[in-house]
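# Chain and residue survey
Residue strings, one per chain:
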Amino acid sequence: MGFGEGLLHLLLVVVQALALLVPLLIGVAYLTYAERKVLAAIQLRKGPNVVGPFGLWQPFADAIKMLMKETIIPAGSNRLLFLMAPMLTFGLAMIAWAVIPVNDGWAIADINVGVLYLFAISSLGVYGIIIAGWASNSKYAFLGAMRSAAQMVSYEVSMGFVMVSVLLCVGSLNLNDVVMAQRHVWFAIPLFPMFVVFFISTLAETNRAPFDLPEGESEIVAGFFVEYSAMAFALFFLGEYANMILMSTMTSILFLGGWLSPVGFLPSGPGWLVLKIVVVLFMFLWVRATFPRFRYDQLMRLGWKVFLPFSLAWLVLTAGVLLAMGWLPHGA
Amino acid sequence: MIATLAFYVFALILLVSAAMVVTARNPVHSVLFLIMAFFNAAALFLIAGAEFLAMILVIVYVGAVAVLFLFVVMMLDVNFAELREGYQRYAPVGAAVGAVLFVELLMVLGGWHFAPDAASLRLGQIPAGVSNTDALGRVLYTDYVLLFQLAGLVLLVAMIGAIVLTLRDRKTSRHQDIGRQTARSAATSLRMVTVAIGAGVAPGDILRPQPEAPLTPPEPVGGGAGHGGPHHAAEIR
């Protein structure tokens, strides 16, 4: 590859990344709006309705407010790590999108180990939180970080087993192949229990209600980001929502057939993926409005004593059935 | 050309951060440098074409092991002045251990022989159509399945041993028995009784002292019909 050709390739990748990330960021902004509207509707309130028609400019008003505020760095904190943590959280939520296929073959990087890449990136999310908690030099932040670290590591284990049972049915680690393997039936149907375990684990992995103990505003104020203000806080906030979208996308791709059309006579396309993501995101918001927060020991019990043995048993069952019926996919 | 350049960049960062792990003053910084070293090692695996190993390195070491390191190290209360204090005294011991290890390494490397056909294996063609996930799986689960399973068994025993050694079930700690909780019903946990005022359900039930004389009934506040004096007296604790 010559230098000019390499430069052209680089430019193409940059354009592709922008084409993916700009809609994603707008989606993040409007997810905050949607959350407030959905919660309001469930609680018989109106939600944001003052800024613009139906309050549609609310996310931008919030963004401008965040930009205008002063960034406060606590005196006893570790400055470098304190500022690095929110950037890490936000950056990790963005780079995971490199392997997401939005249509057949439409991925920035169509790599062989896409599922592992996603899993690796999502398991790194915990660092932003731990580093924030430690660098803040505050008891509440530290407690939040400790809770978060234990929680995310616990639920990752069962998430891993769920992914492995999906991969057994696919026979490939490529996300494109994962979606194409669901041409006939979505994995959510034969692997329904795994779908439920995965969805609940994604709630825990994104620190969303009812597993939002790292924030636990009634006990530890706001947990790991209690010392953050202005843009640093905004990055955490946006990172959390971007992670929600990412996890919904993973759920859609692994279990709901990605961009494939659920009805035969309509063409498949990225629109279906967006629709599925939105449905899963609505479930995130719905769960938040419905369930009270778990107690910490209950959270650990659910992760280690219920999900882990269950997903392991289901994995063995899946492998056994595939082997007995001769349905094992051979290579890809 | 770009791959070679990338190799040197990643290898340099890897070596520098590995050196920082042992020289950084703050143990938390040491762990963070260790994580950086893992990342660069994963990048080197990627350049070598071993994408499966690269991802597993990040998932296992960065995503799980280093989190636990960081978890523990952050909770240490390190006194830096105290750390520096022993430096002079222990430096000779440290230097001696280092020297012994260095000599041992030299001896091992001095007696190093490559197997006769190793070089040809290294240059061998990668079979087409076999991804490295596939190749690793064949080696581990087909060719060496017994050894692999035995290694797993050893790890399992080690894990159970560690748990047995550290688990102390204090008899005073309270556990939630979810099965028992959900199995409860109104029939097994509730008893309906009609209690005479001030009498209690069974003799000795009442822990509060009984009033000597009946208290004066409080003034009925508007609409307080039916709020008799004795009722109120029973509520005063």
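Here the structure is a predicted model, which is why all the values come from computation and not from measurement.

## A few points about the overall build of chain B
Along its length, chain B carries 11 helices and 0 strands. The linear arrangement of helices and strands in chain B, starting from the amino end, is α-α-α-α-α-α-α-α-α-α-α. Each of the 237 residues in chain B was classed as buried or not, and the buried ones make up 14%. When contacts within chain B are restricted to residue pairs at least 6 apart in sequence, long-range pairs at least 24 apart make up 54% of them. Total accessible area computed for chain B in this model is approximately 19200 Å², and 69% of it derives from carbon and sulfur atoms.

## A few points about the domain arrangement of chain B
For chain B, the domain assignment lists domain 1 (1–78) and domain 2 (132–162). Taking only C-alpha atoms into account, the centre of domain 1 of chain B sits 25 Å from that of domain 2 of chain B.

## Overview of the packing of aromatic side chains
In this description, a pair of aromatic rings is defined by centroid distance and the angle of the planes. All names here are of chain A. If you walk through the whole model with that rule in mind, you get 19 aromatic pairs over all chains. When the centroid spacing of 5.6 Å and the interplanar angle of 50° are considered together, the rings of Y155 and F211 count as tilted. With Y155 in helix α5 (residues 139–170) and F211 in the loop between α7 (192–205) and α8 (217–220), this pair connects stretches of sequence that are 56 residues apart. Classification of Y155 by relative accessible area gives buried; the value is 0%. Judged by its relative accessible area of 2%, F211 is buried. With 5.9 Å between their ring centres and 35° between their planes, F282 and W286 make a pair best called tilted. Placement of both F282 and W286 in helix α10 (residues 270–290) is noted, with a separation of 4 residues, approximately one turn of the helix.

## Quick look at the interface of chain B and chain A
On the chain A side, the residues contacting the 23 residues of chain B number 26 residues. Between chain B and chain A the total buried area reaches about 2100 Å² when both faces are included, carbon and sulfur atoms providing 79% of it. Three residues stand out in chain B for area buried against chain A, namely M55(B), I59(B) and M74(B), and they jointly supply 26% of the buried area on that side. On inspection of chain B and its partner chain A, the count reaches 0 salt bridges. Scanning the region where chain B abuts chain A turns up 4 residue pairs in polar contact (both at pLDDT 80 or more). Listing elements by their share of the side of chain B that touches chain A, those giving two or more residues are α2 (27–47) and α3 (51–75) of chain B.

## Some points on the confidence of the model for chain A
Do not read the fine detail of predicted coordinates wherever pLDDT is low. Per-residue pLDDT for chain A has a mean of 85; in total, 97% of the residues score no lower than 70. Taken element by element, chain A is modelled with least confidence in α8(A), mean pLDDT 68, and with most confidence in α7(A), mean pLDDT 90.

## Structural notes on helix α1 (residues 2–23) of chain B
Residues and elements named next belong to chain B. Compared with an ideal rise of 1.5 Å per residue, which puts 22 residues at 32 Å, α1 spans 31 Å between its outermost C-alpha atoms and is within 8% of the ideal. Those residues of α1 lying buried are A11, L14 and S17. Mapping the buried residues of α1 onto a view down its axis gives an arc of 140°, with all of them on the same face. What points out from α1, more than 90 degrees from its buried face, is the exposed set I2, L5, Y8, L12 and L15.

## Some words on the pattern of salt bridges
All names here are of chain A. In this structure the tally under the stated criterion is 6 salt bridges over all chains. Among the ionic pairs, E240 bridges to R208, the shortest N-O distance being 3.6 Å. Of this pair, E240 sits in helix α9 (residues 230–255) while R208 sits in the loop between α7 and α8, and the two are 32 residues apart along the sequence. Each member of the pair, E240 as well as R208, carries the same accessibility label: buried. Here the salt bridges share partners, and the residues they tie into one network are E35, R208, E240 and R288.

## Some thoughts on unusual backbone geometry
Residues and elements named next belong to chain A. Positive phi outside glycine occurs at N137, with the angle close to 55°. Tracing the sequence through the fold places N137 in the loop between α4 (114–135) and α5. Residue classification places N137 among the exposed positions, given a relative accessible area of 54%. For N207, which is not glycine, the phi dihedral falls at a positive 55°. The residue N207 is located in the loop between α7 and α8 in this model.

## Some words on the confidence of the model for chain B
Residues and elements named next belong to chain B. Taken as a whole, chain B shows an average pLDDT of 79; of its residues, 76% reach a score of 70 or greater. When pLDDT is averaged over each helix and strand of chain B, the minimum, 45, is found for helix α11 (residues 229–235) and the maximum, 93, for helix α8 (residues 145–166). Note that pLDDT drops below 50 for residues 222–237; the model gives that stretch 9 contacts with residues more than four away or on any other chain. Taken over the whole predicted complex, pTM reads 0.79, whereas the ipTM for its chain interfaces reads 0.81.

## Re the nonpolar core
In this structure, Y127(A), Y228(A) and F255(A) are the most contacted members of the largest nonpolar core, which totals 114 residues. Among the elements that line this core, the one with the most residues is α4(A), at 16 residues. Apart from residues lying up to four places away in sequence, Y127(A) is in contact with L88(A), I35(B), V62(B), A66(B), V67(B) and L70(B).

## A short note on helix α11 (residues 296–325) of chain A
All names here are of chain A. If you check α11, its first and last C-alpha atoms are 42 Å apart, about what 30 residues at 1.5 Å a residue would give, namely 44 Å. Approximately 35° is the largest bend angle found in α11, and it occurs at F307, with the proline P309 only one to four residues beyond. For α11, the set of buried residues is L299, M300, L302, G303, F307, L308, S311, L315, T318 and L322. Once α11 ends, the next one or two residues include G326, with phi positive near 70°.

## What to know about the packing of α7(A) against α11(A)
A pair of packed helices is captured by two measures, namely the crossing angle of their axes and the spacing between those axes. Residues and elements named next belong to chain A. The contact between α7 and α11 brings their axes to 10 Å, and the two run at 145°. The way α7 lies across α11 gives a crossing that is left-handed. Contacts from P193, M194, V197, I200 and S201 in α7 reach L302, F307, F310, S311 and W314 in α11. Split by residue class, the contact of α7 with α11 holds 8 nonpolar, 2 polar and no charged.

Rules of the game
- Residues numbered from 1 in each chain as written.
- Chains lettered and ligands numbered in written order.
- Predicted model: local features only at pLDDT ≥ 70, side-chain atom pairs only at ≥ 80, totals over all residues.
- Heavy atoms only, no water.
- Helix = DSSP H or I, 4+ residues; strand = E, 2+ residues; numbered from the N terminus.
- Buried < 20%, exposed > 50% of the residue type's maximum accessible area, 1.4 Å probe, protein only.
- Contact = heavy atoms within 4.5 Å.
- Areas by Shrake-Rupley, 256 points an atom, 1.4 Å probe, with all protein chains shown as cover.
- Domains from an automatic or database assignment.
- Phe/Tyr/Trp six-rings, centres within 6.5 Å; stacked < 30°, edge-to-face > 60°.
- Buried area = accessible area lost by both parts, 1.4 Å probe.
- Salt bridge = Lys/Arg side-chain N within 4 Å of Asp/Glu carboxyl O.
- Polar contact = N/O pair within 3.5 Å; in protein donor to acceptor, adjacent residues only side chain to side chain.
- pLDDT = per-residue confidence, 0-100.
- Expected span 1.5 Å × (residues − 1).
- Arc of directions from axis to C-beta.
- Core = buried A, V, L, I, M, F, W, Y, C linked by side-chain atoms within 4.5 Å.
- Bend = angle between axes of the 7 residues up to and from the residue.
- Axes fitted to C-alpha atoms, helices over the stretch in contact; angles between N-to-C directions.
- Left-handed = near helix turned anticlockwise from the far one by under 90°.
- Nonpolar A, V, L, I, M, F, W, Y, C, P; charged D, E, K, R; others polar.

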